[in-house]
Amino acid sequence: MSNAHFNRGPAYGLSAEVKNKLAQKYDPQRERELRTWIEGTTGRRIGDSFMDGLKDGVILCELINKLQPGSVQKVNEPIQNWHKLENIGNFLRAITRYGVKPHDIFEANDLFENTNHTQVQSTLIALASQAKTKGNNVTLGVKYAEKQQRRFQPEKLREGRNIIGLQMGTNKFASQQGMTAYGTRRHLYDPKLGTDQPLDQATISLQMGTNKGASQAGMTAPGTKRQIFEPALGMERCDTLTIGLQMGSNKGASQQGMTVYGLPRQVYDPKYCGGPELLGEDGLNGLYNSQ
């Protein structure tokens, strides 16, 4: 099986755009730092092309064996392509056990088929950071924070239930100055109105409006109806039997033509019949009797 079988052809369209964006994230400075660290750790020279020197997986397996001896039991000689792929797979499984996070690890085809060298570089930097965290002399990467696990006694945990956490706010600098008894209304006043500060508990506060200038003149006993009349109509003050203006006006109305309660009122059209005077004194009964 030849190497050309695993080399992808040129990419077009969206694939080409994605490949170009990934290639732009590749850092040559990081490559030089990785080369120095790997060659210094393994004692082997990578070659002019950094990725081509790592493609057979031999140097990668020796690197993880130097960091953690016995990680890769057997390193295949790069005779055929499947030997190289097996070396890369063994390296990836070994760095996973070493502590590198799965989302930081590249896939075998990213290196062997030259599809994503940026991810390969990120994986090697993550491996260097993990080695630095474990105490190896590595100048590349960052040291991960160590887990600080604390255990509290049950008594301490019970005491914490009586403390208000800061996520609920803080009462620092707070006081009860000016507070009244529970259930008592706090009075607010406006100094611009020239009113004195209320001292008793019967003052109406501004939240409920103001009674400034109000009086009880003309007020009746509770439950008594207040009569409303219109002076322009010449109406005098009404008694309790007068219909208020809210219900309309009966000015100029009379009971002329009203019948006894329960009797129907006749509706007629002057165009077809005479007026009610034709009915006689007895109304409809006189008309019926005459007929």
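Residues numbered from 1 in each chain as written. Predicted model: local features only at pLDDT ≥ 70, side-chain atom pairs only at ≥ 80, totals over all residues. Heavy atoms only, no water.

### Points about unusual backbone geometry
Positive phi, normally seen in glycine, also occurs at asparagine 114, with a value near 60°. One can find asparagine 114 in the loop between helix H6 (108–112) and helix H7 (117–133). (Helix = DSSP H or I, 4+ residues; strand = E, 2+ residues; numbered from the N terminus.)

### A short note on the nonpolar core
Of all hydrophobic cores here, the largest spans 35 residues; its most connected members are Trp37, Phe50, Phe91, Leu124 and Leu127. Broken down by secondary-structure element, the contributors of at least two residues to this core are helix H2 (28–42), helix H3 (50–54), helix H4 (58–67), helix H5 (81–98), H6 and H7. Counting residues per element, this core draws most heavily on H7, at seven residues. In contact with phenylalanine 91, not counting residues within four places along its chain, are Leu60, Cys61, Ile64, Phe106, Leu124 and Leu127. (Core = buried A, V, L, I, M, F, W, Y, C linked by side-chain atoms within 4.5 Å. Buried < 20%, exposed > 50% of the residue type's maximum accessible area, 1.4 Å probe, protein only. Contact = heavy atoms within 4.5 Å.)

### Considerations on the pattern of salt bridges
Enumeration over the complete set of coordinates arrives at six salt bridges. Close ionic contact of arginine 30 with glutamate 33 constitutes a salt bridge, the shortest N to O distance being 3.4 Å. Taken together, the residues arginine 30 and glutamate 33, both in helix H2 and three residues apart, mark about one turn of the helix. You can call arginine 30 partly exposed: its relative accessible area is 32%. On the accessibility criterion, glutamate 33 (30% relative accessible area) is partly exposed. Across the pair glutamate 39 and arginine 35 runs a salt bridge, and its minimum N-O distance is 3.8 Å. Taken together, the residues glutamate 39 and arginine 35, both in helix H2 and four residues apart, mark about one turn of the helix. Since its relative accessible area comes to 24%, glutamate 39 is described here as partly exposed. The exposure class assigned to arginine 35 is buried, which follows from its relative accessible area of 18%. (Salt bridge = Lys/Arg side-chain N within 4 Å of Asp/Glu carboxyl O.)

### Some remarks on the packing of H4 against H7
For the pair H4 and H7, interaxial distance at closest approach is 11 Å and the crossing angle is 15°. With respect to H7, the element H4 is oriented roughly parallel. Relative to H7, the crossing made by H4 is left-handed. Facing H4, whose interface residues are Leu60, Leu63, Ile64 and Leu67, H7 presents Leu124, Leu127 and Ala131. Residue classes in the contact of H4 with H7 are distributed as seven nonpolar, no polar and no charged. (Axes fitted to C-alpha atoms, helices over the stretch in contact; angles between N-to-C directions. Parallel < 35°, antiparallel > 145°, perpendicular 65-115°, else oblique. Left-handed = near helix turned anticlockwise from the far one by under 90°. Nonpolar A, V, L, I, M, F, W, Y, C, P; charged D, E, K, R; others polar.)

### Some points on H4
With respect to burial, H4 is a largely interior element, seven of its ten residues being buried. Along H4, the positions that sit buried rather than exposed are Val58, Ile59, Leu60, Cys61, Leu63, Ile64 and Leu67. In this fold, the buried residues of H4 make contact with H2, H3, H5, H6 and H7.

### Observations regarding the packing of aromatic side chains
Enumeration over the complete set of coordinates arrives at zero aromatic pairs. A cation over an aromatic ring shows up here: lysine 134 above the ring of tyrosine 98, its NZ or CZ 5.1 Å from the ring centre. (Phe/Tyr/Trp six-rings, centres within 6.5 Å; stacked < 30°, edge-to-face > 60°. Lys NZ or Arg CZ within 6 Å of the ring centre and 35° of its normal.)

### Thoughts on the environment of glutamine 130
Tracing the backbone through its elements, the reader meets glutamine 130 in helix H7. With relative accessibility at 11%, the residue glutamine 130 sits in the buried group. For glutamine 130 and lysine 101, which are 29 residues apart along the polypeptide, the C-alpha to C-alpha distance reads 9.6 Å. Leave out the neighbours within four places in its chain, and glutamine 130 touches Tyr98, Gly99, Val100 and Tyr144.

### Focus on the packing of H5 against H7
H7 packs onto H5 with a crossing angle of 35° between their chain directions and a minimal axis gap of 11 Å. Viewed along their axes, H5 and H7 form a crossing whose handedness is left-handed. Between H5 and H7, the residues in contact are Phe91, Ile95 and Tyr98 and Thr123, Leu124, Leu127, Gln130 and Ala131, respectively. A breakdown of the residues in the contact of H5 with H7 according to their chemical character gives six nonpolar, two polar and no charged.

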